[in-house]
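Chain residues, written in single-letter form:
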Amino acid sequence: MLPEIGHFALVLALVVAIVQSVFPILGAATNNAQWIALAKPTARAQLLCLIVSFACLTASFLISDFSVLYVASNSNTLMPTIYKVSAVWGAHEGSLLLWVLILAVWAYLVSVFSKGISAVMLARVLSVMGMIGVGFLLFTLMTSNPFERLFPIPLEGKTLNPLLQDPGLAIHPPMLYMGYVGFSVAFAFAIAAMLGGKLDAAWARWARPWTNIAWVFLTIGIALGSWWAYYELGWGGWWFWDPVENASLMPWLVGTALIHSLAVTEKRAAFKSWTVLLAIFAFSLSLLGTFLVRSGVLTSVHAFASDPERGLFILIFLILVVGSSLLLYAFRAPKLKSTGTFDLVSREMGLLVNNIALIAMTVTVLLGTLYPLFVDSLGGGKISVGPPYFNTLSIPLGAVLASAMGFGLFLRWKKDKPERVFSKVRWVLLVALVTAFLVPILLMDFFDIKAVLGVFLASWVSLTALLWVQEQGRSPFKLPLAVWGASIAHIGFAVMVAGITLTSVYSTEKDVRLVQGQNYEMSGYSFLFNGVKEIQGPNYIAQRGEIVVTRGSESIVTLHPEKRNYGQDTMPMTEAGIDGGFFRDLFVALGEPLGNDAWSVRIYHKPVVNWVWLGAALMSLGGLFAAFDKRYRRVRRREEKPVVQQPTKSDVKEAVA
Amino acid sequence: MTARQKRIVFIILGLCAVAGSSVMITKAMQSNLAYLYAPETVLAGEVPENKLIRVGGLVKKGSLKRSDTSLDLSFVLTDNRGNEVTVTYDRILPDLFKEEQSAVVRGKLNSDKVMIAEEVLAKHDAEYMPEELKDVLKKEHAPAPDKTTEVTY
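Residues numbered from 1 in each chain as written. Chains lettered and ligands numbered in written order. Predicted model: local features only at pLDDT ≥ 70, side-chain atom pairs only at ≥ 80, totals over all residues.

### Re the overall build of chain B
Phase 1: Within chain B, the secondary structure is distributed over three helices and seven strands.
Phase 2: Ordered by position from N to C terminus, the α and β elements of chain B give α-β-α-β-β-β-β-β-β-α.
Phase 3: The 153 residues of chain B split such that 31% are buried.
Phase 4: Long-range pairs, those at least 24 residues apart, make up 52% of the contacts in chain B with a sequence separation of at least 6. (Helix = DSSP H or I, 4+ residues; strand = E, 2+ residues; numbered from the N terminus. Buried ≥ 20, exposed ≤ 12 C-beta atoms within 10 Å, placed from the backbone. Contact = placed C-beta atoms within 7 Å.)

Given below as structure tokens:
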């Protein structure tokens, strides 16, 4: 019964979505107030239908209803409850349902927090989101229905991909989807604004907090994925330039550019058409990401479910979305006159450099990811693009970005004097240079020019961000949240740059053969291998190793790396033993038994690797602060009551920020 | 500066940025592309030596040999037509690496046509052979060994 209710609710959601995508937008075009008024109730009804549908699927998993094909393929009675729940989105069908559910949540939130938006604009925005919903609901119902029945009913289900049986990965897809789908809000605002023919500062101001929140989720999602790869794949790497990773990085890069470009459009009425284009691209790349991951066109280390027919559907949908929005853009863009002019030395210029660097990175990643597909389809052979390609290009681009970040904060809008900015930051420049040379010489094992560059950029970005907060000349508690947000996000970027550089340069990674009782020395630590025992987990059997780590006479930690087998023909899983810390991680993972009590073992010493994720966490926090700045709320109130207000202190602040 | 001069400066800077990044991307791409070859092509001498390439095939039964004192190992990649390429490797093999299963090896070919592997990939999917590998093996005149229907060989 439950699956039928769920299926019915899904069909109902499609019907509601069709109404939502047709009538409000037509109403806006023909000035039909009744049709316009349909926008909010349909958006809410759609969310309700999808919640019911999603709850039915979740319930089917919880009661292990193996008459549902999707449940039987991804769950069994032995699995812990948390993984029964996360199995709902653990494979293709359910993850699509999650996708549309999240889209409905965003549309609902837009309908609730829309007090300052005119009813016509809101109708257009919700209609556009409805159209995206129609596309994905059709896709779900036609190619990947999660409620399909299975007969005869098996007594026991299969199992969730063991790789996904992990808390980090249980919440990774929802976070990532919140980010991907969140960019649909900025996209819908951009389309709606173009349809209305009024691309003023207002649409940018509305889109800003939404874009920030979507970006925060995407940042957390990517960071969780990278962290999971680090401790779960057992290779000790945290970024592989794998096509699936790249697919999530591209919308992030464009989203970051969009956040900065929206600021210019709102404050200075410049970059107008560029910002619209970025909003279109950020969401299109999110769709492309979904396509790349779901279609199986990519040979990836973690291309899970794949089916060419599904790929074709998303590809057509992608072409429709990108094509129609670019067409609309082609008609409207000539009318978008950016009124704000600026000089070569100005904050606009700083943000332009930021945008160029980020877009160049996106193009780099896009080419590296798609070029092999392209060559293959032309019959040019099977090629792969190795990580060095991405590294070679992202280092100089990252350096340009980081250099601009420091100056950018201090630049004035419209026109500034280079001498003025330089006089403010020259001490920071000096301190950053000294730090850059001292850190590798005093704290690290050897001198390396890449480390110098990385530490220099990291100190430069973080110190300028701090100095900038201090420059505001107010008590830290009275500063607008947006100032804190920008500063924290920049510091987060700096921490990440430092983490990436130092861990890349100074990590020691060894694969060794160890016999029980044998010792291995690395970076001052001694690793004693005490053999392997078999243990029984809730739904797996594991080979559990014991490695005692000491430094001199000081005992550090005892690590227990595992090799797990979840049965049912699934692949064995490597569970690394990690002693994490602020300054270094010790990472050990079991390879395979080599006979005679010997095992192959990975032993890694990775300095400051956690800074990579710490940096991402800080960036997310910064984005969150900026999104909740109170001026977005105040602006709404002001538009409700068009009363002339006295300019307040924070208005002056806005002009600066 | 007049508005016109300013625009010219902007355009020149923009062109420089585009040109610079195109050159960088092309160069980086050229030095980091790795083609995938089948054992037959390697034996035919059509594959450059000492250049980063990938070789894919099936791991020959009984060919995995390990050193008793270190991690050094070697195995043979084959198709189902008797073309064999020896691979040497000194790190930990991936979890899914098994004899009689497919594997893709990234590394360089030495002058004795032995593949010195930097990385061994066995796909993160227990059921299928990677699509691209299936294609490459298929190209060499004979049907690709399809794991799902194959019983013995």
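### Quick word on the overall build of chain A
Phase 1: A count of helical and extended segments in chain A gives 20 helices and eleven strands.
Phase 2: Relative to the globule expectation of 26 Å for 657 residues, the C-alpha radius of gyration of chain A, 26 Å, shows essentially globular dimensions.
Phase 3: With the C-alpha coordinates of chain A rotated into their principal frame, the extents come out at 80 × 75 × 55 Å.
Phase 4: Expressed as a percentage of the 657 residues in chain A, the buried residues total 53%.
Phase 5: Sequence-distant contacts in chain A: of pairs separated by 6 or more residues, those separated by 24 or more amount to 74%. (Rg over C-alpha atoms; globule rule 2.2 N^0.38 Å.)

### Examining the domain arrangement of chain A
Phase 1: Each domain of chain A was delimited in the assignment, giving domain 1 (1-165), domain 2 (173-336 + 346-378), domain 3 (417-506 + 613-639) and domain 4 (508-607).
Phase 2: Its C-alpha centre places domain 2 of chain A at a distance of 39 Å from the equivalent point of domain 4 of chain A. (Domains from an automatic or database assignment.)

### What about the nonpolar core?
One broad trend across soluble globular proteins is that nonpolar side chains are buried collectively.
Phase 1: Within the largest apolar cluster, 245 residues are counted, with the highest numbers of intra-cluster contacts made by A:Leu103, A:Ala186, A:Phe189 and A:Ala279.
Phase 2: Sequence-distant contacts of A:Phe189, that is, excluding residues within four places in its chain, are made with A:Val125, A:Trp203, A:Trp206 and A:Ala207. (Core = buried A, V, L, I, M, F, W, Y, C linked by C-beta atoms within 7 Å.)

### Overview of the interface of chain A and chain B
Phase 1: Contact residues are listed per partner, giving 32 residues for chain A and 29 residues for chain B.
Phase 2: When contributions to the side of chain A that touches chain B are tallied by element, the ones reaching two or more residues are α13 (347-377), β1 (383-385), α14 (387-410), β2 (508-515), β10 (584-595) and β11 (598-607) of chain A.
Phase 3: Here the side of chain A that touches chain B takes five residues from α13(A), the largest share from any one element.
Phase 4: As defined by bridge partners, β1(A) adjoins strand β1 (residues 33-37) of chain B across three bridges and the pair is classed as antiparallel. Across the sheet, A:Ile383 pairs through a bridge with B:Tyr35, a residue of β1(B). (Pairing = 2+ DSSP bridges.)

### A look at the pairing of β11(A)
Residue and element names in this part refer to chain A.
Phase 1: Burial within β11 is extensive, with eight of its ten residues counted as buried.
Phase 2: The pairing of β2 with β11 spans eight bridges and is classified as antiparallel. In the sheet register, Asp511 faces β11, and the bridge partner there is Arg602.
Phase 3: Alignment of β10 against β11, held across nine bridges, turns out to be antiparallel. When the sheet's bridge partners are listed, Arg584 is paired in β11 with Pro607.
Phase 4: Between β10 and β11, which pair antiparallel in sequence order, lie two residues; one of them, Asn596, sits at a positive phi of approximately 55°.

### Things to note about the confidence of the model for chain A
Residue and element names in this part refer to chain A.
Phase 1: Mean pLDDT for chain A: 88, with 94% of residues reaching 70 or above.
Phase 2: Considering only residues more than four positions removed or in separate chains, one finds that residues 300-305, a stretch of pLDDT under 50, has 16 contacts.
Phase 3: Taken together, the stretch residues 637-657 has pLDDT below 50 and engages in twelve contacts with residues farther than four places along the chain or on a different chain. (pLDDT = per-residue confidence, 0-100.)

### Quick look at the pairing of strand β7 (residues 562-565) of chain A
Residue and element names in this part refer to chain A.
Phase 1: By the bridge criterion, four bridges tie strand β5 (residues 541-551) to β7 in an arrangement that is antiparallel. The residue of β7 that forms the bridge with Gln543 is Lys563.
Phase 2: In terms of strand pairing, β7 meets strand β8 (residues 573-575) through three bridges, oriented antiparallel. Residue pairing in the sheet places Glu562 in a bridge with Glu575 of β8.

### A few points about the sheet that holds β11(A)
Residue and element names in this part refer to chain A.
Phase 1: The strand order across the open sheet built from four strands is β2-β11-β10-β9, with neighbouring strands paired in antiparallel fashion. Taken across any chain shown, the strands that pair with only one partner, and hence form the sheet edges, are β2 and β9 (577-579). With strand direction ignored, the average angle separating the axes of adjacent strands in the sheet is 20°. (Axes fitted to C-alpha atoms, helices over the stretch in contact; angles between N-to-C directions.)

### Description of the environment of A:Ser338
Residues and elements named next belong to chain A.
Phase 1: As for its placement among the helices and strands, Ser338 is situated in the loop between α12 (308-332) and α13.
Phase 2: Of the residues examined, Ser338 has 18 C-beta atoms within 10 Å and is grouped as partly exposed.
Phase 3: Put simply, Ser338 and Ser86 are 252 residues apart on the chain and 47 Å apart in space, counted from C-alpha to C-alpha.
Phase 4: When sequence neighbours within four positions are dropped, the list of residues in contact with Ser338 reads Ala269, Ala270, Phe271 and Lys272.

### What to know about helix α9 (residues 201-232) of chain A
Residue and element names in this part refer to chain A.
Phase 1: Taking 1.5 Å per residue as the helical rise, α9 with its 32 residues ought to reach 46 Å, and the 46 Å between its terminal C-alpha atoms agrees with that figure.
Phase 2: In the structure, α9 departs most strongly from a straight axis at Arg208, where the bend amounts to approximately 30° and where the proline Pro209 lies between one and four residues downstream.
Phase 3: Among the 32 residues in α9, 26 count as buried, and that is most of the element.
Phase 4: Directly beyond the C-terminal end of α9, a positive phi value near 80° is found at Gly234. (Expected span 1.5 Å × (residues − 1). Bend = angle between axes of the 7 residues up to and from the residue.)

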